[in-house]
Amino acid sequence: MKRNKTSPLSRAFLAVMGNEKRQAVTIPLFAVFLSLIAGAVLMLLLGKNPIDGYISLLQGCGMLPKEKYAGGKGMFTDLMGYLDIWTPMLFASLAVAVAYKAGLFNIGVSGQMLLGGFLASITVGYSPLPAVVAKPLTIVVCMIVGALAGALIGVLKYKFNINEVVSAIMLNYIFQYVISFFILTYFVNPVTRQSETVSAAARLTLQDVQLFGMKTVVPLGFVLALIAVFVMHFFINRTRQGFELKAVGASRSAAEYAGVSTKRTILMAMSLSGALAGLAGATYYLGYLGSIQPKVLTTTGFDAIAVCLLGNANPLGILASSFLITIITKGGTYMNSSIGVPQEVSSLITGLMLLFAACGVYIRARLKRVKDRLEQEEKEAKKEGGKA
Amino acid sequence: MTDIIVNGMAFSLPLFIIAVGGIYSERSGVTNLALEGFLGAGAFFGAVFVTLTSGLFAATSQLPMYLALIVAMLGGALYAVIHAVLCIKFKANQVISGVVVNILAMALTDFLTSQINSVALGQSSDKFVLTVSGRLTFEPLASIPVLGGFFTNVYPFEFVIIAVAVVAWYAMYKTRFGMRLRACGDNPYAVDAAGCNVARLQFTAVLISGALSGLGGMCFAYSVFGNYSTSIYTGYGYLAIAAMIFGNWKIPQTLGACLLFGFARSAGYVLVQKLGMPSTYSDLIMILPYALTLLLLVFFSKNNRAPRALGEIYDKGKR
Amino acid sequence: MDDYIVEMRHVTKRFPGIVANDDISLGIKKGEIFALLGENGAGKSTLMSILFGMYEPDEGEVYIRGKKVETFSPNHATELNIGMVHQHFKLVSNYTITENIILGMEPRRRIAGIFPAVDVKSADKKVAELSKKFGLEVDPTQKIEDLNVSMQQRVEILKMLYREAEILIFDEPTAVLTPQEIEFLLEIIREMRRKGKTIILITHKLEEIKKVADRCAILCRGRLVGMCDVATTSTKEMAARMVGREVSFELGKEPAKFGAPVLNVDHLSVKNDDGFTVVSDVSFSVRAGEIFAIAGVAGNGQVEIADAVAGLAPVSSGTVTLAGKDITRSSVRARAEQGLAYIPEDRQARGLILDFTLSENLMLKRYYQEPYCVKNVLHRDEFDKKSRELIERFDIRSGQGEQTVVRSMSGGNQQKAIVAREIELDAPCIIFVQPTRGLDIGAIEHIHEQILAERSRGKAILLISLELDEIMNLADTIGVIYNGQLLKTAPADTLTTNEVGQFMMGVKE
């Protein structure tokens, strides 16, 4: 058999990424690296300096100071704005991850977000309740509604054997249009053509707050999201239910054999996923936006699938990947206004990042092959050395 | 009544050809959530072609439209290469790949649309303006009561779709290629044992899926939208998936599903108008296809059978 | 040596860590039934996969009709008129018999003289003719999903015949068949020989070879250890060569000390997913300190009995009692806690979670109990501590100790892990299903020792195996199952291997 010598390039590649335990981190990082390079090339082609571009992304998110700020605003304002939009993404990605760990795809996160957000808006958001009651109630309503919507998918799955991807897509559209109907019929603001803004008492992001001498928003949900990350991390890795969830995800028949109730686990996973999606909806519609645009399903839930993939469905990984992706999406606006790189470039970088992340399996297999070949070569070299 | 038929057909047929694209991919065993991305990318290529060549044709010429349909098919197939490579060569998770391909399609076409607009045309716009396609009325057939609707105000592309669909049906159910392709979706190892190249068959199927979706997307651009912009990603790809499932992954049944969806939609609009209801009620009409599909699955999920090897990653070494 | 239609010269094939075929030379004559005999892992299937072009030999040559084979691929093998029926059928379930047969070489016709189309009708006719010619009795328009295993096998045979195969390879064709079906198949094989075909039969069953084969090559651990004329060689001789050592080996079985019944199965019936009754009215009981073995040909309901007892398959009627408690409707976990350990047949899909670590797999039945889990929080250090203890005690070998991902372990060590986990439960009743399937001799002996040790400790053991030798060596009591029914239950020392074999074939007293 003819065999080409392993090239130095693939050797180097292997040296950096060969460790299989660390591949959970190195492969997504590689995807990020590739897409940032692609983004840089793109900016060069557009005649822009990529370094300026990436700096402006960070500036737009309040992580580097801008040259000048409008009156009463500052880096802190941008940072808080960044946290405001990061929060729902974090929740949504966690929602996808919980289901993913149980071997299920929750492609219905966007729909669950919308349903939770809408029902919380009309029950709590338009009520005269004081903030102390309204804010917790908003969160509770969204979580419960989301959990029920997620559970519905779970029931359809185990009771009627309907693929969760299919039912979630159908439900997404049903929620979208029904809610659009109700908004346009009963809750529309004639000027904005969106739903009426929810009361300040119910809103999870405080508006126009003076902090450190700057006017800023305060996304209360962010604290909750951070807590959720660590709770989920603990839940998945250290609790009995988390163990069962992963067992069902890894092998349904073996989990059954071990005495785990797969039905209950599927239901639990989808409810939990839905509850997290509900939280994403709460922080998105009753936090970041304050109102709902009819006929539109946010892309957050779909982007979250990819964020989850990039973060290896690990809550800490998701913390990192959603942090990164939100910088690119949020910072894109400033990159456009400051140095004139079109906003589409940032979505393109995100898209490419997800594309490369999806290639993870292949990269892993490829690395394994190179590794095996190297070992073989070494063996042969030894043999020949021994003979000589 | 005529309106219902005219609008119903104009909506059903593009949806149908996209769904046929989905059937090609899924019957070969490759899960395809990427129809949405395919149709947008295909329409993008078609629209770019029309925009860049607009000077070459007379303003009244219908030729650019037909050429655009062809370009959209090629463009859709070209874009589908990404899904095919990810799923077949890279053995990525097919659902994830579909989602990623959709996200990327939107980002990519959005970027390129504004770039082409500014570089080639020197204008700042995020869309390509197309004319809404002309329509044909066939007298005296159009005067037949009720059925005349099928011959009134017909978009020319409807005939293209019907022709393409017939070819697609023939290729899938009558030819060697189709027989092998459908076998891949049930048991790829059997196809391999019979001496056929499974990866190549699946790859071809995904490209066909892209081409047919591109055609459907372009038709939507010429009818529903009248231009090309990212608003083309409104979920018709997912609706086509619903139709495909409703149609049990079979071409004739899927046509039925699409007609049902299309007519329910147009009838709903007419109804809303006739009853003098506010236009917001039409949103309720929009849920019909999805609710129907879901109900069908709840009650008939036993009869509804996805291809057996759908979504399975085919590994030749495994036996 | 021109009269050989197939000739292999010095064929060697290595896989990582194992020499599957070691310098094998043999010749097969045209028109004979040639058997390839050997234990699991002896290299029979590999050798025939080389002939069928699925593997390329590392050394040596293959000659077909005196011509050296240069390219190894199944397609090329088909061109050389070689066909193979694999152990796992490769059929498209929603296609008709004809469609499956013609797949890959579909006859064409032209619609309206222009458009090419697959000509199913004429193919139907041709398939019907072929079927008649060889006595296969199939209806070409039936769909595969409506056929039973034996019919599906006939489709595979027809596939070869349709491709005009002259050399037909059968890989363990009788493993999944009932005795009548085996008879029918052997008759078909004889019929094909009469029509001038050359047949190669891979098997480890001596009776079949005795029944149909002309000559027989015996493989043992990758080497060709014998070549004999079936007519003039006794089965005993063949068996001795196949195993490559003394046939019966002392297991050091202690005299039986039976206690009270632990597991009672009373009039048990089980239906499969399609509503067919696969276990009907089975009753038996297993006492403490007893090995009760169920013997039978594969697919006669053995696995379903085990699953039903363990709670993984629904019982349609009858009762299962464990230590005096009715567990017929209990959950899987309740049964385990009541005192049931289960080593399942499919160790990779059922017994283990391949992507979990060894430690997690060893704790699969205990993870929720103290001290491994306190108030719903897992204590990984306790997992690992216990795992290291089990790894030590049961000699489980793996790359990274208890943190090894089970997928990367060898089959023998995977099985050891399952056995370790289940024995550690210290349950009064243990079910072993096919505990040694696919393992090498060392691992088999290890597992047998464990089973006997548990018996000495007074456990009630239900052993289900397809290997008659295993049953004869271990069992105290034997129940023979046929078609879902226990035909005979008797103490092991009152039955001979031959008698058990007869019952397995459905012969009634």
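Just so you know, these numbers come straight off a predicted model, no measurement behind them.

Remarks on the overall build of chain A
Helix and strand content of chain A: 15 helices and 4 strands. Against the 2.2 N^0.38 benchmark of 21 Å for 388 residues, chain A shows a C-alpha radius of gyration of 24 Å, consistent with a compact globule. When the backbone C-alpha atoms are referred to their principal axes, chain A occupies close to 90 × 60 × 35 Å. When each of the 388 residues of chain A is scored for burial, the buried share is 56%. Here chain A displays about 16500 Å² of accessible surface, and carbon together with sulfur accounts for 64% of that area. Charged side chains in chain A number 35 positive and 18 negative. The centres of these two groups are separated by 5 Å.

Describing the interface of chain B and chain A
Interface size is often expressed as the accessible area that is lost when the parts come together. Contact residues are listed per partner, giving 38 residues for chain B and 40 residues for chain A. The contact between chain B and chain A buries some 3700 Å² in all, and 82% of this surface belongs to carbon and sulfur atoms. In this assembly, chain B and chain A are joined by 1 salt bridge. A salt bridge links A:K295 to B:D283, with the nearest nitrogen and oxygen atoms 3.5 Å apart. Seen at the junction of chain B and chain A, the total is 3 residue pairs in polar contact (both at pLDDT 80 or more). No other element matches the 12 residues that helix α4 (residues 94–120) of chain B contributes to the side of chain B that touches chain A.

Structural notes on the sheet that holds strand β2 (residues 18–29) of chain C
Residue and element names in this part refer to chain C. Strand order in the open sheet formed by 4 strands is β2-β1-β4-β5, and the pairing between neighbours is antiparallel. In the strand order of this sheet, the two ends are held by β2 and β5 (67–68), each with one partner. Bridging between strand β1 (residues 4–15) and strand β4 (residues 59–64) involves 5 bridges; their strand directions are antiparallel. Bridge assignment links M8 to a residue of β4, and that residue is V62. Its contacts with the sheet place helix α1 (residues 44–51) against β1, β2 and β4, and it is angled at close to 120 degrees to β1.

Thoughts on the interface of chain A and chain C
Listed as interface residues are 20 residues of chain A and, on the opposing side, 27 residues of chain C. Summing the contributions of chain A and of chain C, the shared interface buries around 2100 Å²; its carbon and sulfur component is 58%. Among the residues of chain A in contact with chain C, A:R240, A:F243 and A:Y257 are the three that bury the most area, contributing 40% of the side total. Inspection of the chain A/chain C interface yields 2 salt bridges. For C:R333, the salt bridge goes to A:E244, with nearest N and O atoms at 3.6 Å. For the interface between chain A and chain C, the tally reads 13 residue pairs in polar contact (both at pLDDT 80 or more). Those elements that provide at least two residues to the side of chain A that touches chain C are α8 (221–238), α9 (240–250) and α10 (252–257) of chain A.

Points about a nonpolar patch on the surface
A cluster of nonpolar side chains, contributed by B:M1, B:L136, B:F138, B:L141, B:I144, B:V146, B:L147, B:F150, B:F159, B:I162 and B:V166, occupies part of the molecular surface with about 950 Å² of accessible area. Checked against the element boundaries, B:L136 lands in the loop between β1 (128–129) and α5 (156–174).

Thoughts on the state of the cysteines
A complete count under the given rule lists 0 disulfides over all chains for this structure. Cysteine A:C308 remains unbridged, with the sulfur of A:C359 as its closest cysteine sulfur at 17 Å. Just so you know, A:C359 is unpaired, no disulfide at all, and the nearest cysteine sulfur is the one on B:C87, 11 Å from it.

Observations concerning the sheet that holds strand β23 (residues 477–482) of chain C
Residues and elements named next belong to chain C. Read from one edge to the other, the open sheet built from 6 strands follows the order β18-β21-β22-β15-β23-β24, with strand pairing classed as mixed. Lying at the two open borders of the sheet, with one neighbouring strand each, are β18 (340–343) and β24 (485–491). In this sheet, neighbouring strand axes are inclined to one another by 15 degrees on average, regardless of whether the strands run parallel or antiparallel. Packing against the sheet, helix α10 (residues 332–339) makes contact with β18 and β21 (429–433), and its axis sits at approximately 115 degrees to β18.

Notes on empty space enclosed by the protein
Applying the stated criterion to the full structure yields 4 cavities of 30 Å³ or more. The volume enclosed by the largest cavity comes to roughly 100 Å³. For the largest cavity, the lining is made up of 13 residues, of which B:L239, B:R265, B:M286, B:P289 and B:Y290 are closest to its centre. Sorting the residues of the lining of the largest cavity by element identifies α9 (236–246), α10 (251–274), α11 (282–286) and α12 (288–300) of chain B as the ones contributing at least two each. Here the lining of the largest cavity takes 3 residues from α10(B), the largest share from any one element. Each residue belonging to the lining of the largest cavity can be placed in one class, and the counts come to 10 nonpolar, 2 polar and 1 charged. Taken as a whole, the second largest cavity holds about 60 Å³ of empty space. Every residue lining the second largest cavity is listed: A:Y257, C:A310, C:L312, C:V332, C:R335, C:A336, C:L340, C:Y342 and C:K365. Mapped onto the lining of the second largest cavity, the elements with two or more residues apiece are α10 and β18 of chain C. Counting residues per element, the lining of the second largest cavity draws most heavily on α10(C), at 3 residues. A class-by-class count of the residues in the lining of the second largest cavity yields 7 nonpolar, no polar and 2 charged.

Observations concerning the packing of aromatic side chains
Here a ring pair, both rings aromatic, is described through the centre-centre distance and the interplanar angle of the planes. Tallied over the entire structure, the rule returns 43 aromatic pairs over all chains. Measuring from centroid to centroid gives 5.2 Å for A:W86 and A:F222, while their planes differ by 40 degrees, and the two rings are tilted. You can see A:W86 sitting in helix α4 (residues 75–101) and its partner A:F222 sitting in helix α8, a full 136 residues away along the chain. Judged by relative accessible area, which is 7%, A:W86 ranks as buried. Their ring planes at 10 degrees and their centres at 4.8 Å tell us that B:Y155 and B:F157 sit as a pair that is stacked. Classification of B:F157 as buried rests on a relative accessible area of 0%. An aromatic cluster is defined as three or more aromatic residues linked by ring pairs; in this entry it consists of A:F118, A:Y126, A:F181, A:F182, A:Y186, A:F187 and B:Y281.

Focus on the packing of α4(A) against helix α13 (residues 315–339) of chain A
All names here are of chain A. Where α4 meets α13, the axes come as close as 9 Å, and the angle between the chain directions of the two elements is 135 degrees. Looking at the two axes, α4 sits oblique to α13. Of the two possible hands of crossing, α4 and α13 adopt the one that is right-handed. Every residue of α13 that contacts α4 at D78, G81, Y82, I85, W86, M89, L90, S93, L94 and A97 is listed here: P315, I318, L319, S322, F323, T326, I327 and K330. Of the residues in the contact of α4 with α13, the class split is 12 nonpolar, 4 polar and 2 charged.

Overview of the domain arrangement of chain C
Taken domain by domain, chain C comprises domain 1 (4–243) and domain 2 (261–339 + 427–504). Computed over C-alpha atoms only, the centres of domain 1 of chain C and domain 2 of chain C are separated by 34 Å.

So, the pairing of strand β8 (residues 115–118) of chain C
Across 4 bridges, the pairing between strand β7 (residues 108–111) of chain C and β8(C) is antiparallel. Of the residues in β8(C), the one forming a bridge with C:R110 is C:P116.

Some remarks on the pattern of salt bridges
Counted under the stated rule, the structure contains 40 salt bridges over all chains. A:E164 is the salt-bridge partner of A:K157, the closest N and O atoms lying 2.8 Å from each other. Residues A:K157 and A:E164 agree in their burial class; the two are buried. For the salt bridge of C:E422 with C:R421, the shortest nitrogen-to-oxygen distance reads 2.9 Å. Given a relative accessible area of 1%, C:R421 falls into the buried group. Each of C:E187, C:R190, C:E191, C:R194 and C:K195 takes part in one network of salt bridges that share partners.

The rules we used
Residues numbered from 1 in each chain as written. Chains lettered and ligands numbered in written order. Predicted model: local features only at pLDDT ≥ 70, side-chain atom pairs only at ≥ 80, totals over all residues. Heavy atoms only, no water. Helix = DSSP H or I, 4+ residues; strand = E, 2+ residues; numbered from the N terminus. Rg over C-alpha atoms; globule rule 2.2 N^0.38 Å. Buried < 20%, exposed > 50% of the residue type's maximum accessible area, 1.4 Å probe, protein only. Areas by Shrake-Rupley, 256 points an atom, 1.4 Å probe, with all protein chains shown as cover. Lys, Arg positive; Asp, Glu negative; His and termini not counted. Charge placed at Lys NZ, Arg CZ, Asp CG, Glu CD. Contact = heavy atoms within 4.5 Å. Buried area = accessible area lost by both parts, 1.4 Å probe. Salt bridge = Lys/Arg side-chain N within 4 Å of Asp/Glu carboxyl O. Polar contact = N/O pair within 3.5 Å; in protein donor to acceptor, adjacent residues only side chain to side chain. Pairing = 2+ DSSP bridges. Axes fitted to C-alpha atoms, helices over the stretch in contact; angles between N-to-C directions. Patch = residues over 30% accessible without salt bridge, like charges linked within 9 Å, V, L, I, M, F, W, Y side chains within 5 Å. Disulfide = S-S within 2.5 Å. 1 Å grid on protein atoms, 1.4 Å probe; cavity = no way out; pocket = protein on both sides within 12 Å on 5 of 7 lines; lining within 4 Å. Points joined across faces, edges and corners; volume = space filled by probe spheres on them. Nonpolar A, V, L, I, M, F, W, Y, C, P; charged D, E, K, R; others polar. Phe/Tyr/Trp six-rings, centres within 6.5 Å; stacked < 30°, edge-to-face > 60°. Parallel < 35°, antiparallel > 145°, perpendicular 65-115°, else oblique. Left-handed = near helix turned anticlockwise from the far one by under 90°. Domains from an automatic or database assignment.

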